[in-house]
Amino acid sequence: VRCLLGGLAIVRLLLERMWLLLALLVSIQCVLTVVWSRRRTRQSAHVAWIGFVVSIGLLLVNTMVATPRAKIVQLCHDLADMVDKGDIPGIGSHLAADFIAEDLDKREFLDRARETLKRYRVDDPYLYGFDVTFPSAETGVATFGSLARVREQESILEKLVIRWRLTFRIEGDVWSVTGVE
């Protein structure tokens, strides 16, 4: 189990945390450069150049590959942006046909969201504390918090904090929301 968890941490570092990866690679490259500058050997120069090339390769992989977890987190951020803009059709395009939220199907949920966003304006939603799990290869669950300022027509409500649990299903290469709690 410890090895598996370490492997997951390495995958998350390599593919989901660019700034942390960049800091690690710069630190390693600095050490390799110092070793080369003190030894000035052909071998230390090769090691420093190999380190540089590998670092560039890892950064390229980091920008080109999106893990399922990263795709789900990005979808949650995209949905929050759509709520901020009042883009109900955009939200609907990311909901599965069999979507359910409490006792509302997809159409009822979108109708209620449309009416709610006519009455209230959600500004600057901030999502945090993501915990994404995968009960199966085709399904995912994201639990996270959101913080947003909510305005009613004439008054500004304080920041609203909500804890969310969204369920997802992948079809092809696209994740869609199947439920909201």
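Here, every reference points to the structure presented above.
Residues numbered from 1 in each chain as written. Predicted model: local features only at pLDDT ≥ 70, side-chain atom pairs only at ≥ 80, totals over all residues. Heavy atoms only, no water.

A few points about the side chain of S176
Part 1 of the reasoning: Among the structural elements, S176 can be located in strand β6 (residues 174-180).
Part 2 of the reasoning: A relative accessible area of 11% means that S176 is categorised as buried.
Part 3 of the reasoning: For S176, the residues in contact, after removing those within four places along its chain, are H94, L95, A96, T167, F168 and R169. (Helix = DSSP H or I, 4+ residues; strand = E, 2+ residues; numbered from the N terminus. Buried < 20%, exposed > 50% of the residue type's maximum accessible area, 1.4 Å probe, protein only. Contact = heavy atoms within 4.5 Å.)

Quick word on the pattern of salt bridges
Part 1 of the reasoning: Following the criterion strictly, the structure yields 13 salt bridges and no others.
Part 2 of the reasoning: Put simply, D123 and R151 hold a salt bridge, and the shortest N to O gap is 2.7 Å. One end of the pair, D123, is in strand β3 (residues 120-136); the other, R151, is in strand β4 (residues 139-152), with 28 residues separating them in the sequence.
Part 3 of the reasoning: R151 sits in the partly exposed class, given a relative accessible area of 31%.
Part 4 of the reasoning: The salt bridge involving R165 is made with E181; its shortest N-O contact spans 2.9 Å. (Salt bridge = Lys/Arg side-chain N within 4 Å of Asp/Glu carboxyl O.)

What about a nonpolar patch on the surface?
Part 1 of the reasoning: A grouping of W49, F52, V53, I56, L60, V61, M64 and V65 is seen on the molecular surface, where their side chains present a nonpolar patch of about 810 Å² in accessible area.
Part 2 of the reasoning: Position of V65 among the secondary structure elements: in the loop between α3 (42-64) and α4 (68-85). (Patch = residues over 30% accessible without salt bridge, like charges linked within 9 Å, V, L, I, M, F, W, Y side chains within 5 Å. Areas by Shrake-Rupley, 256 points an atom, 1.4 Å probe, with all protein chains shown as cover.)

Overview of the environment of R149
Part 1 of the reasoning: Structurally, R149 is set in strand β4.
Part 2 of the reasoning: Residues R149 and L160 lie eleven residues apart in sequence; the distance between their C-alpha atoms is 6.0 Å.

Notes on the nonpolar core
Part 1 of the reasoning: Among the nonpolar cores identified, the biggest contains 24 residues, and C76, L166, F168 and V177 are the most heavily contacted of them.
Part 2 of the reasoning: Looking at this core, the elements with two or more residues in it are α4, α5 (88-93), β1 (95-101), α6 (106-119), β3, β4, β5 (156-171) and β6.
Part 3 of the reasoning: Excluding residues within four positions of it along the chain, L166 makes contact with C76, L79, G140, V141, A142, F144, V177, G179 and V180. (Core = buried A, V, L, I, M, F, W, Y, C linked by side-chain atoms within 4.5 Å.)

Section: the layout of surface pockets
Part 1 of the reasoning: By volume, the largest pocket amounts to about 940 Å³.
Part 2 of the reasoning: Lining the largest pocket are 31 residues, and of these V83, F109, I162, W164 and V180 lie nearest its centre.
Part 3 of the reasoning: Per-class residue counts for the lining of the largest pocket are 25 nonpolar, two polar and four charged. (1 Å grid on protein atoms, 1.4 Å probe; cavity = no way out; pocket = protein on both sides within 12 Å on 5 of 7 lines; lining within 4 Å. Points joined across faces, edges and corners; volume = space filled by probe spheres on them. Nonpolar A, V, L, I, M, F, W, Y, C, P; charged D, E, K, R; others polar.)

What to know about the packing of aromatic side chains
Part 1 of the reasoning: What the rule picks out here adds up to five aromatic pairs.
Part 2 of the reasoning: Ring centres 5.9 Å apart and planes at 15 degrees place the aromatic pair Y126 and Y128 in the stacked group.
Part 3 of the reasoning: The class for Y128 is partly exposed, based on a relative accessible area of 31%.
Part 4 of the reasoning: Relative to W175, the ring of F134 has its centre 5.9 Å away and its plane inclined at 55 degrees; by these criteria the two rings are tilted. With a gap of 41 residues between them, F134 in strand β3 and W175 in strand β6 connect regions that are remote in the sequence.
Part 5 of the reasoning: By relative accessible area, which is 36% here, F134 ends up partly exposed.
Part 6 of the reasoning: Taking NZ or CZ as reference, R40 lies 4.3 Å from the ring centre of W36, over its face. (Phe/Tyr/Trp six-rings, centres within 6.5 Å; stacked < 30°, edge-to-face > 60°. Lys NZ or Arg CZ within 6 Å of the ring centre and 35° of its normal.)

Quick notes on unusual backbone geometry
Part 1 of the reasoning: The phi angle at R40 is positive, at roughly 55 degrees, despite the residue not being glycine.
Part 2 of the reasoning: Within the secondary structure, R40 is located in the loop between α2 (18-39) and α3.
Part 3 of the reasoning: Even without glycine at this site, D124 takes up a positive phi of about 50 degrees.
Part 4 of the reasoning: One can find D124 in strand β3.

Section: a negative patch on the surface
Part 1 of the reasoning: Together, E102, D103, D105 and E108 make up a negatively charged patch on the protein surface.
Part 2 of the reasoning: Within the element layout of this structure, E102 appears in the loop between β1 and β2 (104-105). (Lys, Arg positive; Asp, Glu negative; His and termini not counted. Charge placed at Lys NZ, Arg CZ, Asp CG, Glu CD.)

Some points on α4
Part 1 of the reasoning: The end-to-end C-alpha separation of α4 is 26 Å, in line with the 26 Å expected for 18 residues at 1.5 Å each.
Part 2 of the reasoning: Turning to α4, its buried residues are R69, I72, V73, L75, C76, L79, A80, M82 and D84.
Part 3 of the reasoning: Just downstream of α4, G86 is the residue with a positive phi angle, here 75 degrees. (Expected span 1.5 Å × (residues − 1).)

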